[in-house]
Amino acid sequence: MGFFESKSSGSAKEFLKVADSIEELTFALTYNQQLRKTYNAEKETVSIFKQSDENRVDLLDPIDEDRLKEFIEVNRLPLIIEFGPEMAPKIFERKIKKHLVLFTKSEMEAFEDHLDALKEVAKEFKGKVISIYIDVDVEANKKVLDWFKMKRSDCPTVRLIDLEGPMNYKPDSDDWKKLNMKKFVQDVLDGKQKPYFISEDIPEDWDDRPVKILVGKNFDEIARDQRRNTFVYFYAPWSDKCKELFPVWDALGEKFKKKSDVVIAKIDATKNEIDGVQISEFPSFIFFPRNSDEMFTFTGNQTLERFVKFVERGGKLSEESKKDKTKKEETAKDEL
């Protein structure tokens, strides 16, 4: 709602320009002096009226297109948002990509206290962080817990997600009584809080077979060991293609088991996250050469012979493989 002096007002013209560019919101304006007085808008003002927490938020003069768009972007959603199918698209299409997520249970006596605590943090970091809460007692939200590799018994707790990373931040303690949400968020924004990467525990038999079993907790120690070349198979246990390749990968491990400077390894990429490694498809294969911080991704036909040559060449594709890769990319473009 815009409260302006007259139709010729510069602020009113800017308001109408923005109104024409945003179809999904309802815009209205008035020049009526009595109405402006009733709404305490004697100065030119743009107000967003909500049916939630804040009720009303104001943008005061000077009002221009850029300030107004930013004001709408920050204030169009509730101060704290309950996650659900209807709100999810509205959350992810926002320009603010840092999301503070509170996992709580509506059945708990302290449920409202949790929301009040989140609201205080939301006020502090409004415009920098979107504050969201997820009721884990809602059946549909169990998938969200699975995505975060969390259990219902872990709640209440919080995570901060930076979608531009993407990075996942976890407080140093999940004990709600010890949690200082404001400090946690500020530390993330200041770069003082390190990202959190999920990991399984290291299996006792991880080193017993030719193919070494990696998890997040031992990945850097093994895969990024500068003394060895390490070839890692990133798999998803539910993938039929990944299942088909396990015997081939075991054969590759047998081939190089006596080479002290070569490690053949595998990792369940659905249960372990690695800093600096983004897996977008399954299966994926990445070579970590010794004496280097580089990574080489294997592409093309996934055969034992090609895997062996890839390792022997230090993670480099042969000219024949490069031609095959280019041909496949061109074919894919033609199909599109």
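Every chain's residues receive numbers from 1 upward, in the order its sequence appears when written. In view of the model being predicted, local features appear only for residues whose pLDDT reaches at least 70, and side-chain atom pairs are presented and counted only at 80 or more, with totals across whole chains, interfaces and linings using the full set of residues. In computing side-chain properties, one takes all heavy atoms of the structure into account and sets aside hydrogens as well as water.

Caption draft 1: Examining helix 3 (residues 65-75) more closely. Remark: exposure states derive from per-residue accessible area (1.4 Å probe, protein chains only) relative to the maximum for the residue type, with buried under 20%, exposed over 50%, and partly exposed in between. Each helix is a run of H or I in the DSSP string that is no shorter than four residues. Each strand is a run of E no shorter than two, and both are numbered from the N terminus. Within helix 3, the full set of buried residues consists of Leu-68, Phe-71, Ile-72, Glu-73 and Asn-75. As for helix 3, its buried residues are in contact with helix 1 (10-21), strand 3 (45-49) and strand 4 (56-60). Sitting at the head of helix 3, Asp-64 places a side-chain oxygen 3.3 Å from the backbone nitrogen of Asp-66. Residue contacts are counted whenever heavy atoms from the two residues lie within 4.5 Å of one another. Polar contact is defined as a pair of N or O atoms within 3.5 Å, subject to the rule that within protein one atom must be able to donate a hydrogen and the other to accept it, and that residues adjacent in sequence are counted only when both atoms are side-chain atoms.

Caption draft 2: Here's a closer look at the pattern of salt bridges. Each salt bridge in this description consists of a side-chain nitrogen of Lys or Arg and a carboxyl oxygen of Asp or Glu lying within 4 Å of one another. Across all of its chains, the model carries 25 salt bridges by this definition. With a shortest N-O distance of 3.5 Å, Glu-93 and Arg-94 are connected by a salt bridge. On the basis of relative accessible area, Glu-93 is assigned to the partly exposed category, the value being 49%. Residues participating in the shared-partner salt-bridge network are Glu-14, Lys-17, Glu-65 and Lys-69.

Caption draft 3: Representation of the sheet that holds strand 10 (residues 211-214) in the model. The strand order across the open sheet built from five strands is 10-12-11-13-14, with neighbouring strands paired in mixed fashion. Lying at the two open borders of the sheet, with one neighbouring strand each, are strand 10 and strand 14 (296-297). The pairing criterion is simple: DSSP has to find at least two bridges between the two strands.

Caption draft 4: Seen up close, the sheet that holds strand 2 (residues 29-30). Read from one edge to the other, the open sheet built from four strands follows the order 2-1-3-4, with strand pairing classed as mixed. Strand pairing shows two members of the sheet lacking a second neighbour, strand 2 and strand 4, which therefore form its edges. Between N-to-C directions, angles cover 0 to 180 degrees, with each direction set by a line fitted to C-alpha atoms, over the stretch in contact for helices. Helix 3 rests against strand 3 and strand 4 of the sheet, and its axis sits at about 165° to strand 4.

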